[in-house]
Amino acid sequence: MSGAGKLLIFGGLALAAFGMLYGLYYAVFIEHQTLDTIGGSLAGAFVHAAERRIPEAHHAIDAYATTKYNYVRQVDVHSHWIGLGMLMIVFGVVFDRLAFSEPTRLGIAMALLVGSVVFPMGVILQTINHGGFFPSALAVTGSALVTIALAAVTVGFARANS
Amino acid sequence: MATRTIPSTVATTFAPLSARRLLIFGGIALIAGGMLFGDIFAVFVLHQNAGLQSEALIAASKAVAAQNPTAVKDIFKHLGGLLEDRGTKVDAHVHMIDAGYLALLLALLQPFVAFPLARKKVLAALFISGGVLLPVGVFLIHYVGLAYSPFAVIGWASILADSAGALLIIALLGEAWGLWKYFRGTRADVVEPDLPHEGSWSCRALLSGGTLLVLLGFLHGAWYAGVDLYRHETGEIIILSNMVDYSAANDVARAANEVRNFGNLAGEKAVNIAAHSHIIEFGLLAMLLSFVQPYVFLSEEWKRRWVKVMLAGSIILPVCVLLELRLGLLAGGIADIGGLMVIVALIGMLVGVLRYSGSLDTASGAAR
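Predicted model only: the values in this text are computed from it and were never measured.

Each value, and the rule that gives it
Positions within a chain are numbered from 1, following the residues in the order the chain's sequence is written. For naming, the first written chain is A and the first written ligand is 1, with later ones following in the order written. Where totals are concerned, whole chains, interfaces and linings use all residues; where local detail is concerned, this predicted model gives features only for residues with pLDDT of at least 70, and gives and counts side-chain atom pairs only at 80 or more. With hydrogens and water set aside, each side-chain value is computed from the structure's full complement of heavy atoms. Numbering of helices and strands runs from the N terminus; a helix is a DSSP stretch of H or I covering at least four residues, while a strand is a stretch of E covering at least two. Partly exposed residues are those whose accessible area sits between 20% and 50% of the maximum for their type, while under 20% is buried and over 50% is exposed, using a 1.4 Å probe and protein chains only. Note on contacts: a residue pair qualifies if any of its non-hydrogen atoms lie within 4.5 Å across the two residues. A 1.4 Å probe and the Shrake-Rupley method give the accessible areas. Residues count as covered only by the protein chains that appear here. Computed with a 1.4 Å rolling probe, the buried area is the accessible surface lost when two parts are put together, summed over both parts. Within this document, salt bridges are pairs made up of a side-chain nitrogen of Lys or Arg and a carboxyl oxygen of Asp or Glu, the two lying within 4 Å of each other. Under this definition, polar contacts are N or O atom pairs within 3.5 Å; protein pairs additionally need one hydrogen-donor-capable and one acceptor-capable atom, and for neighbouring residues in sequence, both atoms have to be side-chain atoms. Aromatic contacts are taken between Phe, Tyr and Trp rings whose centres are within 6.5 Å, Trp giving its six-membered ring; a plane angle under 30 degrees counts as stacked, one over 60 as edge-to-face, and the others as tilted. For a ring to carry a charge above it, either NZ of a lysine or CZ of an arginine must fall within 6 Å of the ring centroid while also lying within 35 degrees of the normal to the ring plane. Only buried residues count toward a nonpolar core. Its members are Ala, Val, Leu, Ile, Met, Phe, Trp, Tyr and Cys residues joined through side-chain atoms within 4.5 Å. How far each domain reaches was decided by an automatic or database domain assignment. Interaxial angles span 0 to 180 degrees and are taken between N-to-C directions of axes, which are lines fitted to C-alpha atoms, for helices over the stretch in contact. Angle categories: roughly parallel below 35 degrees, roughly antiparallel above 145, roughly perpendicular from 65 to 115, and oblique for all the rest. If you view the pair so one helix is near and one far, a crossing is left-handed when the near helix is turned anticlockwise from the far one by less than a right angle, and right-handed when it is turned clockwise. When residues are sorted by character, Ala, Val, Leu, Ile, Met, Phe, Trp, Tyr, Cys and Pro go into the nonpolar class, Asp, Glu, Lys and Arg into the charged class, and all the rest, Gly among them, into the polar class.

When its secondary structure is counted, chain B shows nine helices and zero strands. A principal-axis box enclosing the C-alpha atoms of chain B has dimensions of 80 × 50 × 40 Å. For chain B, the residues scored as buried account for 52% of the 368 residues in total. Within chain B, contacts between residues separated by at least 24 positions form 84% of all contacts whose residues are at least 6 apart in sequence. Carbon together with sulfur atoms contributes 68% to the accessible area of chain B, which is approximately 15,800 Å² in total.

Right under this line is the structure:
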């Protein structure tokens, strides 16, 4: 197996295992409490409105928005790390069949690995710095790297088939 | 249905009761089971659940207008139950399929895991057990709740699901350790042969088609994140604020209109996320199935048929899910047919693998 294949298999396994560990940690220590906060804030908003305490109702909706914003991203990070890890392992097994030279294959594998780590990391950093430039830039750069690498892999397989 | 003879090079890679056979059978069965569950959920639960959520929100608006906080609390307790019902079923569907994908992946990696055959089999059994128990636990969360639980917010079904997740992680770490040993130069006493490389049309079509599906899914996801995600998040908060304001002003009609907007927005988000995740998962599945093709004991003609059905279903489902917003239930029905096509193709291939192992065991005398 070539260096590119090994890089993808080890990187993919590490990423999938890390994504699962992160998901387990999140499910055990954070998720249940977060879901309670999301449900509680929304219910609280309507209860405050029924009591005609409108400013408190809007504060509760803001709390709902913030908690849900974080929750969506935490779940996305968990699923994307595992999904991208699996994709890298599959590619690792057949990467030698890509109709490119080994340095090119290594470059594509590196782009896939870096993009797969950086893209969800940018997403999770958005939960610390809402609307911040750096986390969004990181996520966009990471996803662009993965997309370009995927396009290259598609071309590589198509060339191999022809 | 014509068949073909089994090449001896392929037969050696699929020994009776081996870890690889367990992972391939278990993996395909988990994926087919998860997809079937998803199709049943989409037809019988999804839309009905969304309708009940809207009804609950309208009832909450009316309770707000009537200045009845107690009724609001009761309605939201009911709404929480509806959301949990939906969420746990989606999670069970997703986790069952993902465990199946990982099982197929591990089957590919078996030649590079430097452990004795018995230890590999234990790891495979551990993984498949975790893959079955995790979705079962998640599914039961809604029904078991906190009954007899010693914890404040975590019930026994959650404990089962989390424990099964831990089993999966332990098995995965074990496989990673075996891989690490292999690449450090250690070899098992009995070296498992590498996967056969079959350059057939079916293999190539699944590999190229799968990669293309993943790429399309990624492009759609990037488009959604860039164009729609923040608009949807902001829109949801504006709608909820309006709902609360109109209800407090006793304007139940406008509040009900906001509930409809909320439902439409939730639908828009759901179809985009479903299309994105399904097209990528089908792409990954197609790629994984390309490796299994040497073990599908069917004629090339039938193998091609299943590949075409599988790839067609993989496109039809996500495209029609996206079209649900414009065409309504017609597109939803066609999407369900697309999902069914993938399931049928998957079962067709599983039958091929079963026939293969049956022929192999009969030939080697293992079936006695």
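Okay, the interface of chain B and chain A next. In many analyses, interface size is given as the accessible surface area lost on bringing the parts together. Facing the 60 residues of chain B at the interface are 55 residues of chain A. Each partner contributes to the roughly 5,100 Å² buried at the junction of chain B and chain A, and carbon and sulfur atoms together form 78% of this total. The largest per-residue losses of area from chain B upon contact with chain A belong to F183, F218 and V244 of chain B, which jointly make up 12% of the total buried on that side. Inspection of the region where chain B meets chain A yields two salt bridges. The residue E236 of chain B makes a salt bridge to K68 of chain A at a minimum N-O spacing of 3.1 Å. Between the two partners, chain B and chain A, sit eight residue pairs in polar contact (both at pLDDT 80 or more).

For the rest of this paragraph, the subject is the packing of aromatic side chains. In the structure shown here, the tally under the stated rule is 17 aromatic pairs over all chains. When the centroid spacing of 5.2 Å and the interplanar angle of 80 degrees are considered together, the rings of F18 of chain A and W81 of chain A count as edge-to-face. With F18 of chain A in helix α1 (residues 3-50) and W81 of chain A in helix α2 (residues 54-94), the pair connects residues that are 63 residues apart, well separated along the chain. Exposure remark for F18 of chain A: the relative accessible area of 45% places this residue in the partly exposed category. Three or more aromatic residues joined by ring pairs form one cluster here, namely F18, Y22, Y25, Y26, F29, Y71 and W81 of chain A. The ring of Y69 of chain A has R73 of chain A sitting right over it, with the charged end atom 3.5 Å from the ring centre. The ring of Y182 of chain B has R187 of chain B lying over it, and the distance from NZ or CZ to the ring centre is 3.8 Å.

With that settled, consider the nonpolar core. Ranked by internal contacts, the top residues of the largest apolar core, which has 114 residues, are F91 and F95 of chain A together with I28, M35, Y101 and L285 of chain B. Lining this core are residues from two domains, each supplying at least three of them: domain 1 (15-185) and domain 2 (200-362) of chain B. Among residues more than four places away in sequence, those in contact with I28 of chain B are L104, L289, V292, L346, L350 and V353 of chain B. Grouped together as the second largest cluster of nonpolar side chains are 33 residues, I61 and Y64 of chain A together with I75 and L82 of chain B included.

A few words now on the domain arrangement of chain B. Residues and elements named next belong to chain B. The assigned domain composition of chain B is domain 1 (15-185) and domain 2 (200-362). Centre-to-centre, using C-alpha coordinates, domain 1 lies 18 Å away from domain 2. Between domain 1 and domain 2, roughly 2,700 Å² of surface is buried when both sides are summed, and carbon and sulfur atoms account for 75% of that area. A per-residue breakdown of the area domain 1 buries against domain 2 is headed by F25, I28 and Y101, which together make up 21% of the total. The tally of links between domain 1 and domain 2 comes to zero salt bridges. Here domain 1 is connected to domain 2 by four residue pairs in polar contact (both at pLDDT 80 or more). Take the side of domain 1 that touches domain 2: its biggest share by element is 20 residues, from helix α2 (residues 19-65).

What follows is about the packing of α2 of chain A against helix α7 (residues 252-292) of chain B. Across the interface, α2 of chain A lies against α7 of chain B with an axial gap of 10 Å and an inter-helix angle of 20 degrees. On the basis of their axis angle, the class for α2 of chain A and α7 of chain B is roughly parallel. For the crossing formed where α2 of chain A meets α7 of chain B, the hand is left-handed. Of the residues in α7 of chain B, those in contact with K68, H80, M86, L87, V90, F91, V93 and V94 of chain A of α2 of chain A are K269, H276, L284, M287, L288 and F291 of chain B. Class assignment for the residues of the contact of α2 of chain A with α7 of chain B results in 10 nonpolar, two polar and two charged.

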